[in-house]
Amino acid sequence: MSVKENLEILKSQLNENVRLVAVSKTKPDEMVQEAYEAGQRIFGENKVQDMVDREGRLPSDIQWHFIGHLQRNKVKYLAPFINTIQAVDSLRLLKEIEKHARANQRVINCFLQFHIALEESKFGLSIDTAKQILMSEEYKNMEHIKIGGVMGMATFTDDMDKVRGEFKTLRKYFDLIKNEFFNDDDNFCEISMCMSGDYKIAIEEGSTLIRVGTAIFGEREKH
Ligand SMILES: *Cc1c(COP(=O)(O)O)cnc(C)c1O
């Protein structure tokens, strides 16, 4: 199946509230270009250097979403062009994004990444830490950040009940944060969930942005 066909199948399963982030990590530019020509505009990468290189080579109206763990010392490379940084997991990172967004005279869309998986290794905020960030004076003074929603990574497992439970938790966190901090702010609207194996569950659980790589571009080589 071609990238175009895979995209068409996927899109036929989305409702009007769900958009697709095509996760192109490790795949050749030609495949990204093929997806672009099929109408896809939002692409996700999880390595800074790969995203910077691609941005220079591919059409300028692509909306790049950074979906991996972002080190503070690398924010400066993304700040000139990044559309959305999906995985903000500390106030220190947010401050660094603000600084470089300001230097580039841009406003950068950010999602708060929540820790929803049981695995210890996964990054992300607790609900209390997220609230502390949003209540801080430092955050309130940021003029070059928009918080556009939440993101989470479920446990890597075949146990779909577990995955569904974790997505429900993310949805609950979204509702809590929305009610307490963004009731009048339509920009805070996105819930970014999932991978290829669980996107159907993510849609059922209210995801507005699904992150899908393998089901579009095929399996990645294991590193
Ligand atoms: C790679 C990745 C995905 C997509 O995974 P697939 O199984 O290839 O669809 C989604 N989210 C994050 C954060 C990723 O790193």
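Heads up: the structure comes first, above all this text.
Cut-offs applied
Residues numbered from 1 in each chain as written. Predicted model: local features only at pLDDT ≥ 70, side-chain atom pairs only at ≥ 80, totals over all residues. Heavy atoms only, no water. Near = heavy atom within 4 Å. Polar contact = N/O pair within 3.5 Å; in protein donor to acceptor, adjacent residues only side chain to side chain. Nonpolar A, V, L, I, M, F, W, Y, C, P; charged D, E, K, R; others polar. Axes fitted to C-alpha atoms, helices over the stretch in contact; angles between N-to-C directions. Helix = DSSP H or I, 4+ residues; strand = E, 2+ residues; numbered from the N terminus. Parallel < 35°, antiparallel > 145°, perpendicular 65-115°, else oblique. Left-handed = near helix turned anticlockwise from the far one by under 90°. Contact = heavy atoms within 4.5 Å. Buried < 20%, exposed > 50% of the residue type's maximum accessible area, 1.4 Å probe, protein only. Pairing = 2+ DSSP bridges. Right-handed = clockwise from strand over helix to strand, strands pointing away. Phe/Tyr/Trp six-rings, centres within 6.5 Å; stacked < 30°, edge-to-face > 60°. Salt bridge = Lys/Arg side-chain N within 4 Å of Asp/Glu carboxyl O.

## What about the site of the ligand?
Working step 1: Taken together, V23, K25, I67, M153, C194, M195, S196, R211, V212, G213, T214 and R220 are the residues near the ligand.
Working step 2: Interatomic distance of 2.5 Å between a side-chain N/O atom of S196 and an oxygen atom of the ligand.
Working step 3: Side-chain polar atom of R220 to an oxygen atom of the ligand: 2.7 Å apart, as the coordinates give it.
Working step 4: Partitioning the shell around the ligand into residue classes produces six nonpolar, three polar and three charged.

## Considering the packing of helix α6 (residues 127-135) against helix α8 (residues 160-181)
Working step 1: Where α6 contacts α8, the axes come no closer than 11 Å and their chain directions differ by 25°. Regarding the angle of α6 to α8, the classification is roughly parallel. Handedness of the α6/α8 crossing: right-handed. Only Y173, L176, I177, E180 and F181 of α8 make contact with α6, whose side of the interface consists of I127, A130, K131, L134 and M135.

## Some details on the pairing of strand β6 (residues 145-152)
Working step 1: Burial of β6 is extensive: seven of the eight residues sit out of reach of the surface.
Working step 2: As paired elements, strand β5 (residues 108-114) and β6 share seven bridges and run parallel to each other. Counted as the bridge partner of Q113 is M151 from β6.
Working step 3: One ladder, built from three bridges, connects β6 with strand β7 (residues 190-193); its direction is parallel. Paired with V150 across the bridge in β7 is I191.
Working step 4: Chirality of the crossover, the property in question, places the unit of β6, α8 and β7 among those that are right-handed.

## Remarks on the packing of aromatic side chains
Working step 1: Counted according to the given criterion, the structure contains four aromatic pairs.
Working step 2: With a centroid separation of 6.1 Å and an interplanar angle of 45°, the aromatic rings of F43 and W64 are classed as tilted. With a gap of 21 residues between them, F43 in strand β2 (residues 42-45) and W64 in strand β3 (residues 63-66) connect regions that are remote in the sequence. Across the pair, exposure class does not vary: F43 and W64 are buried alike.
Working step 3: Between the aromatic rings of F174 and F188, the centroid separation amounts to 5.0 Å while the plane-to-plane angle is 10°, which identifies the pairing as stacked. Pair noted here: F174 is in helix α8 and F188 is in the loop between α8 and β7, with a separation of 14 residues, a long-range link. Taken as a pair, F174 and F188 share a single burial class, namely buried.
Working step 4: Taken together, the ring pairs connect F174, F182 and F188 into an aromatic cluster.

## Comments concerning the pattern of salt bridges
Pairing between side chains of opposite charge can happen when their charged atoms approach one another.
Working step 1: Under the definition given, this model contains 15 salt bridges.
Working step 2: Here the salt bridges share partners, and the residues they tie into one network are D29, E45, R54 and R57.

## Focus: unusual backbone geometry
Working step 1: Positive phi outside glycine occurs at Q105, with the angle close to 50°.
Working step 2: You can see Q105 is positioned in the loop between α5 (91-103) and β5.
Working step 3: The backbone phi angle of C194 is positive, close to 80°, even though this residue is not glycine.
Working step 4: Classification of C194 as buried rests on a relative accessible area of 2%.

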